[in-house]
Amino acid sequence: MRVHVRGTSQLEAVAWSEASSFTTRGTLLDDAGLPIAWAPLTIQVASGSRGREVLPVPTSCTPPSRGHTQGPRISAGGYLVETNERGSFCVRGRADLGGATLRIEFAGSKLYDGTEQVFRVETTRTPLVVSALQFSPEVAEVDLDREVVPVVTTFQLDRREPAHVGVGTPELREGLTILLEDEAGRRLGSTVTGGDGRARFDVKTADLAAPGQGELRARFEGNEALSKATATQSIVRHAQVSLALSHPIEAGDPEAGIPIDLEVQSSRGPVEGGVVEASRDGEPVGTAMVREGRARLLAVFTSDRETSLPLSVRYVSGTPWWRAGQSLSLQVPVRGPGVWRQVAIGALVLAVAGWILGGWRRAPKPAERADEKNKPALPTGRAGVSVVETSDQARGWKGLVTDAHEGTPIAGATITITVPTFEGTGEVARVVTDRGGEFTMDAAVERDARLVVEAPFHSAHAQALPPPSRLSITLVTRRRALIEHLLQWVKRQGAPFEGPPEPTPGHVRRVARRVEETDTERWAGSIEKAAFGPEAVDEELEKEIKGAEPRRPPRGAGV
């Protein structure tokens, strides 16, 4: 089954009527707060139009856009209008619509779900001055470990329309009440603007929701001279993760594994998701997934004596809202294998020596337990195919497919053997992994065969086919593949995208907005939404986003 993921959209619009004319304007944004450009909208009178069924000829009140000349037009009893490159629209008409209800609708597209807004047309005695709000500076991240986070909005007047700035219109932006809310409509604060049009909020992080994606919404209700205005800012609320032992570590045999129980917490309570990794001298010796603020990992390593050895445990996040804190340094008590085990080992050595000296026939190798064979290796963080076991008698391939970061089995992954043909590539064999991520396949192949592995939500990996053997295959999720694709793009481009802070999709998006590269801003925003959004990323969406990569001159190229 093919899953096609589309983003959501939202409309922010206002309308007012004065004398015998009306104005409606607004902005169409996606769920990352980015403008949706060149989108068709329909505007209709829903009710209260005083019997008017046919709207007058509309005119545009937005400046002409580069390469875009089509203005609003009458269609199906209403207006058809397109947003500009900033996702904005503005329509005027010669009619009194005071008290009427307008419906503005975006029907959706291949990339975005549709949306609509129904609102009342305000009646004014004089023409309104168009106003606007914006977050300045942009608030992309909120640190929940801080007690208070400063948020500043700027109130602006549209001075590109002098006809609507009449005699006596107040030019001062001081003393205007601005409201601040979150994505659920909870009020975070209310304050008034200063003489520079800025409204300053000290938001208490205790009033904000848990770590995750969210929004800040600023709102001005308008007055007799100024239009209403809103601004929406997508944010990521993040918190730092701390590690602690649930109880003292009991001495154990490191070759059999020493269990370590951990509390994984934050200032906002238990952490959900991500992994903890134990390492010794920089080499991983155990990993475990975090569930409901707890994790149990098994540290496996070698030691030739009873002692206390140092281990380091770190948290590895799978989302941008959990930030790894300091690593946890541990002293792990190590116990030797014990007297009886050493006696058993000694007896085994003597038996083997006698077998060799006596020239006995080698006994068949005892069957290895299936669960030990298929035990997933420690997560490597990279896609690849490793040969776990080979045999001269092996006729085919079997093994396990796991997530490269989480180490969890991948059900429904497709393993295909292909060979070159005159027409391109031919398929020799194909199998699908079971619920446990396991597979078995048998095929007669020639030279130059390749192994291709893919899964619905993991990027495909291809390489030369190993000889018949037991394999351990790891795949990277399409989300992480998109992040890596962005990082490689940043390395090629250099400044202004490269350098501190770490080039996350949000960082690239903000830089692109600052340097007015709309295509790059939109592309980075689509990666941010796909990588960190709630929807799954399938093959079609991954190809679509990678195919939309901006074509900028590479670093060092001349103009």
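Bear in mind the structure is a predicted one, so any value in this text is a computation, not a measurement.

Looking now at the overall build of the chain. In terms of regular secondary structure, the chain is built from six helices and 34 strands. Within the chain, residue pairs in contact and separated by at least 24 positions form 63% of the contacts whose partners lie at least 6 positions apart. Counting only carbon and sulfur atoms, one obtains 52% of the accessible surface of the chain, whose full area is about 29,800 Å².

Turning to helix H5 (residues 518-532), a few remarks are in order. Across its 15 residues, H5 extends 21 Å between first and last C-alpha, which sits within 8% of the 21 Å expected from 1.5 Å per residue. For H5, the set of buried residues is Thr 520, Glu 521, Trp 523, Ala 524, Gly 525, Ile 527, Glu 528, Ala 530, Ala 531 and Phe 532. Those residues of H5 hidden inside the fold are in contact with strand S17 (212-220), helix H3 (478-493), helix H4 (505-514) and helix H6 (539-547).

Glancing now at unusual backbone geometry. Put simply, Ser 136 and Pro 137 share a cis peptide bond, and its omega is 5°. Among the secondary structure elements, Pro 137 is positioned in the loop between strand S11 (131-135) and strand S12 (141-143). The residue Asp 281 is not glycine, and still its phi comes out positive at about 55°. Along the chain, the position of Asp 281 falls in the loop between strand S21 (275-280) and strand S22 (283-289).

Counting 54 residues, the largest nonpolar core has Leu 180, Ile 260, Val 264, Val 276, Leu 297, Val 313 and Tyr 315 as the members making the most contacts within it. With seven residues, the top contributor of residues to this core is strand S18 (residues 229-245). What Leu 180 contacts, discounting residues up to four positions off in sequence, is Phe 135, Val 151, Arg 186, Arg 187, Leu 188, Gly 189, Phe 201, Val 203, Leu 216, Arg 217 and Ala 218. In this structure, Phe 22, Ile 36, Ala 95 and Phe 106 belong to the second largest nonpolar core, which totals 23 residues.

This structure, assessed with the given rule, holds 26 salt bridges. The partner of Arg 103 in a salt bridge is Glu 116, and the shortest N-O contact between them spans 3.6 Å. Taken together, the residues span a long stretch of sequence, with Arg 103 in strand S8 (residues 101-106) and Glu 116 in strand S9 (residues 115-120) at a distance of 13 residues. Taking relative accessible area as the criterion, Arg 103 reaches 30% and is therefore assigned partly exposed.

The next point concerns the sheet that holds strand S1 (residues 9-18). The strand order across the open sheet formed by five strands is S4-S7-S2-S1-S10, and the pairing between neighbours is mixed. Across the chains shown, the open sheet's two edge strands, defined by having one partner strand only, are strand S4 (59-60) and strand S10 (122-124). Relative to strand S7 (residues 88-93), S4 runs antiparallel, the two being bridged by two bridges. Along S7, the bridge assignment pairs Thr 59 with Arg 92.

It is worth spelling out the environment of Ile 43 at this point. Within the fold, Ile 43 resides in strand S3 (residues 40-47). Ile 43 sits 34 residues away from Gly 77 along the chain, and the two C-alpha atoms are 9.0 Å apart. Once you skip the residues sitting within four places of it in the chain, Ile 43 turns out to touch Thr 24, Leu 55, Gly 78, Tyr 79, Val 81, Phe 89, Val 91, Leu 102, Arg 103 and Ile 104.

Structurally, Glu 521 is set in helix H5. In this structure Glu 521 comes out as buried when scored by relative accessible area, which is 3%. Residues Glu 521 and Pro 550, 29 residues apart in the sequence, show an inter-C-alpha distance of 9.4 Å. Beyond its immediate sequence surroundings of up to four residues, Glu 521 is in contact with Leu 34, Pro 35, Arg 86, Arg 509, Ala 512 and Arg 513.

A few words now on the state of the cysteines. Under the criterion given, the structure shown has one disulfide. One disulfide bridge connects Cys 61 with Cys 90, the sulfur atoms lying 1.6 Å from each other. The disulfide joining Cys 61 to Cys 90 has a torsion of about -90° about its S-S bond and is therefore left-handed. Of this pair, Cys 61 sits in the loop between S4 and strand S5 (73-75) while Cys 90 sits in strand S7, and the two are 29 residues apart along the sequence. There is no split in this pair, since Cys 61 and Cys 90 are both buried.

With that settled, the discussion passes to the packing of aromatic side chains. Summed over the entire model, instances satisfying the criterion amount to four aromatic pairs. Where Phe 155 meets Phe 220, the ring centres are 5.1 Å apart and the plane angle is 75°; that geometry is what we call edge-to-face. Here Phe 155 is found in strand S13 (residues 148-157), whereas its partner Phe 220 is found in strand S17, with 65 residues between them in sequence. One exposure class covers both Phe 155 and Phe 220, and it is buried. Grouped by ring-pair contacts, the aromatic residues Trp 489, Phe 497 and Trp 523 constitute a single cluster.

Taking burial as the measure, the eight residues of strand S29 (residues 414-421) include six buried ones, the bulk of the element. Direction of pairing for S29 relative to strand S32 (residues 450-455): antiparallel, over a ladder of five bridges. Within the sheet, the bridge partner assigned to Thr 414 lies in S32 and is Glu 454.

Averaged over every residue, the pLDDT of the chain is 81; residues scoring 70 or more account for 82%. Low pLDDT, under 50, characterises residues 359-370; the predicted model gives this stretch seven contacts beyond four residues in sequence or across chains.

Spatial ordering of the open sheet is given by S5-S6-S3-S8-S9, a layout of five strands whose pairing is antiparallel. At either end of the open sheet lies a strand with only one pairing partner, and these are S5 and S9. Each strand of the sheet is rotated relative to its neighbour by a mean of 30°, with strand direction disregarded. Pairing of S3 with S8 involves five bridges; the strand directions are antiparallel. Residue Thr 42 lies in a different strand from S8, and its bridge partner there is Glu 105.

Cut-offs and rules
- Residues numbered from 1 in each chain as written.
- Predicted model: local features only at pLDDT ≥ 70, side-chain atom pairs only at ≥ 80, totals over all residues.
- Heavy atoms only, no water.
- Helix = DSSP H or I, 4+ residues; strand = E, 2+ residues; numbered from the N terminus.
- Contact = heavy atoms within 4.5 Å.
- Areas by Shrake-Rupley, 256 points an atom, 1.4 Å probe, with all protein chains shown as cover.
- Expected span 1.5 Å × (residues − 1).
- Buried < 20%, exposed > 50% of the residue type's maximum accessible area, 1.4 Å probe, protein only.
- Core = buried A, V, L, I, M, F, W, Y, C linked by side-chain atoms within 4.5 Å.
- Salt bridge = Lys/Arg side-chain N within 4 Å of Asp/Glu carboxyl O.
- Pairing = 2+ DSSP bridges.
- Disulfide = S-S within 2.5 Å.
- Phe/Tyr/Trp six-rings, centres within 6.5 Å; stacked < 30°, edge-to-face > 60°.
- pLDDT = per-residue confidence, 0-100.
- Axes fitted to C-alpha atoms, helices over the stretch in contact; angles between N-to-C directions.

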